[in-house]
Amino acid sequence: MSEALRLIGLTQDGALLPVLLACAVVWMTMTVCQLRGDVASLRDDHRKMDAALRRMAEDVAFLRGRAERQPAP
């Protein structure tokens, strides 16, 4: 095992830096992927809420128009 570590350079001074940088790159990549998925999910949720609010606004407009057409007692 020590021979393999020596061959890839992990027993030398400063050898941990490339490993840490590789870990940081992997972590950032996974974070960006997760954020993209979260943003897409929020965008879909906002579209659904927009459609629901538009339907509700149409219902309210219909009801208000209908109530205004009725004669006052």
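To be clear, the structure that these remarks concern was listed above.
What counts and how
Residues numbered from 1 in each chain as written. Predicted model: local features only at pLDDT ≥ 70, side-chain atom pairs only at ≥ 80, totals over all residues. Heavy atoms only, no water. Helix = DSSP H or I, 4+ residues; strand = E, 2+ residues; numbered from the N terminus. Buried < 20%, exposed > 50% of the residue type's maximum accessible area, 1.4 Å probe, protein only. Areas by Shrake-Rupley, 256 points an atom, 1.4 Å probe, with all protein chains shown as cover. Salt bridge = Lys/Arg side-chain N within 4 Å of Asp/Glu carboxyl O. Patch = residues over 30% accessible without salt bridge, like charges linked within 9 Å, V, L, I, M, F, W, Y side chains within 5 Å.

**Student:** Help me understand the overall build of the protein in this model?
**Tutor:** When helices and strands are counted, the protein shows 2 helices and 0 strands. Residue burial in the protein is summarised as follows: out of 73 residues, 3% are buried. When the accessible surface of the protein is totalled, it reaches about 6900 Å², and 65% of it is carbon and sulfur.

**Student:** So what exactly am I meant to see when it comes to the pattern of salt bridges here?
**Tutor:** Side chains carrying opposite charge are able to pair once their charged atoms draw close together. Throughout the structure, instances matching the rule amount to 1 salt bridge. Across the salt bridge formed by Arg54 and Asp50, the nearest N and O atoms sit 3.1 Å from each other. With a gap of 4 residues between them, Arg54 and Asp50 both fall in helix 2 (residues 16–69), about one helical turn apart. Among the residues examined, Asp50 registers a relative accessible area of 37% and is labelled partly exposed.

**Student:** Please clarify how a nonpolar patch on the surface should be interpreted in this entry.
**Tutor:** Together, Leu16, Val19 and Leu20 make up a nonpolar patch on the protein surface, roughly 270 Å² of accessible area in all. With respect to the helices and strands, the residue Val19 is situated in helix 2. Relative accessible area serves as the criterion here: at 34%, Val19 is assigned to the partly exposed category.

Remember, this is a structural readout, not a statement about activity or role.
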